[in-house]
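Listed below, chain by chain, are the residues.
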Amino acid sequence: MSQGKGDGSRALHVRVKTARRRTASSTRWLQRQLNDPYVRRSKAEGYRSRAAYKLLEIDEKHKLLKPGQRIVDLGAAPGGWSQVVAAHVGSTDEDPKVVSIDYLEMDALPGVIVLQKNFLDEDAPAVLVAALGGRKADLVLSDMAAPTTGHKKTDHLRIMHLCEIAAEFARDVLAPGGAFLAKVFQGGTEGTLLADLKRDFAQVIHVKPAASRQDSAELYVLARGFRGRTDVLGTHVEDDDPDAP
Ligand SMILES: C[S@@+](CC[C@H](N)C(=O)[O-])C[C@H]1O[C@@H](n2cnc3c(N)ncnc32)[C@H](O)[C@@H]1O
């Protein structure tokens, strides 16, 4: 059946309204960027993202970063956190100590092995371990966030899923005493994830740096003092286990 004149003009009206809403939202976003002191600071200080200040603040308070550490940065693009950690640990191209992964393209950074790959790919952990040269890491960072859908429950579930997989990976690659810092959502980690972190790390806390927008539901879980790998029964696995990475 052919579309009536009324239907056509209604469709056009909806399209105009949608376009106006999109323009208004990009204008609001642009305005927020222009007014954001962390965006201005990152441009002035040469950081690729305002996110760099979240890690700098967490480190200032909790003293996470030390020279010589090996670090994995999950969800690294555009590279603010990688810049911060590479400088702190003294990573160089000759002896790279930082491995970063993102499914988005990320410009090269001195002292950082940059992998363009989806962390959820089945072979991603093996690729990361190979990039570490088979050595253990001292710190696993995850600032991974899937694009938001606007549906709070879906966004919460997606970010917590990324955190769970990141925590599983951290257990496999961290040296005893190592730490895990990951983005979570609103109420923070709970249930099995929190219980598992508390079992495997000496200290688990949630932190919200000032650079994290106050109106955002973002929060970070910081787990320190990794006790070493455990098997499915919760028994500790020795480090020289031939199956260990
Ligand atoms: C908030 S940004 C990270 C910002 C970064 N920490 C910085 O300082 O520049 C989140 C990143 O997570 C990445 N990401 C989300 N899911 C991912 C996945 N499954 N695998 C790899 N990267 C992912 C996104 O592409 C995005 O670049």
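Residues numbered from 1 in each chain as written. Predicted model: local features only at pLDDT ≥ 70, side-chain atom pairs only at ≥ 80, totals over all residues. Heavy atoms only, no water.

A. Quick look at the site of the ligand. Taken together, 20 residues sit near the ligand, with Ser-49, Asp-102, Asn-118, Phe-119 and Asp-143 positioned nearest. In the model, an oxygen atom of the ligand is placed 3.4 Å from a nitrogen or oxygen of the Pro-78 main chain. Here Tyr-103 contributes a backbone N or O atom positioned 3.5 Å from a nitrogen atom of the ligand. When the free accessible area of the ligand is taken as 600 Å², the share hidden by the protein chains comes to 89%. Judged by the proximity of its atoms to the pocket grid, the ligand belongs to the largest pocket. Looking at the shell around the ligand residue by residue, the class counts come to 12 nonpolar, five polar and three charged. (Near = heavy atom within 4 Å. Polar contact = N/O pair within 3.5 Å; in protein donor to acceptor, adjacent residues only side chain to side chain. Areas by Shrake-Rupley, 256 points an atom, 1.4 Å probe, with all protein chains shown as cover. 1 Å grid on protein atoms, 1.4 Å probe; cavity = no way out; pocket = protein on both sides within 12 Å on 5 of 7 lines; lining within 4 Å. Sits in = over half its atoms within 2 Å of the grid points. Nonpolar A, V, L, I, M, F, W, Y, C, P; charged D, E, K, R; others polar.)

B. Expanded view of the packing of helix H6 (residues 152-173) against helix H7 (residues 191-200). Axis separation between H6 and H7 bottoms out at 11 Å; the angle between their running directions is 20°. Here H6 is positioned roughly parallel relative to H7, judged by the angle of their axes. By crossing handedness, the relation of H6 to H7 is classed as left-handed. Contacts from Met-160, Cys-163, Glu-164, Ala-167 and Arg-171 in H6 reach Leu-193, Asp-196, Leu-197, Arg-199 and Asp-200 in H7. Of the residues assigned to the contact of H6 with H7, the class counts are five nonpolar, no polar and five charged. (Axes fitted to C-alpha atoms, helices over the stretch in contact; angles between N-to-C directions. Helix = DSSP H or I, 4+ residues; strand = E, 2+ residues; numbered from the N terminus. Parallel < 35°, antiparallel > 145°, perpendicular 65-115°, else oblique. Left-handed = near helix turned anticlockwise from the far one by under 90°. Contact = heavy atoms within 4.5 Å.)

C. Region of the structure containing the layout of surface pockets. Approximately 1,500 Å³ is the volume attributed to the largest pocket. As for the largest pocket, its lining consists of 50 residues, of which Asp-143, Ala-145, Ala-146, Lys-183 and Glu-218 are closest to the centre. For the lining of the largest pocket, the class distribution of residues is 21 nonpolar, 13 polar and 16 charged. Looking at which domains feed residues into the lining of the largest pocket, each of domain 1 (5-35) and domain 2 (48-226) supplies at least three. (Points joined across faces, edges and corners; volume = space filled by probe spheres on them. Domains from an automatic or database assignment.)

D. Broad picture of the sheet that holds strand E5 (residues 174-185). Spatially, the seven strands line up as an open sheet ordered E3-E2-E1-E4-E5-E7-E6, and their pairing is mixed. Two strands close off the open sheet at either side, each with one partner strand: strand E3 (112-116) and strand E6 (201-207). Between one strand and the next, the sheet's axes are offset by a mean angle of 15°, whatever the strand orientation. Across the sheet, H6 is in contact with strand E1 (71-74), strand E4 (137-142), E5 and strand E7 (218-226); its angle to E5 comes to roughly 175°. (Pairing = 2+ DSSP bridges.)

Remember, this is a structural readout, not a statement about activity or role.
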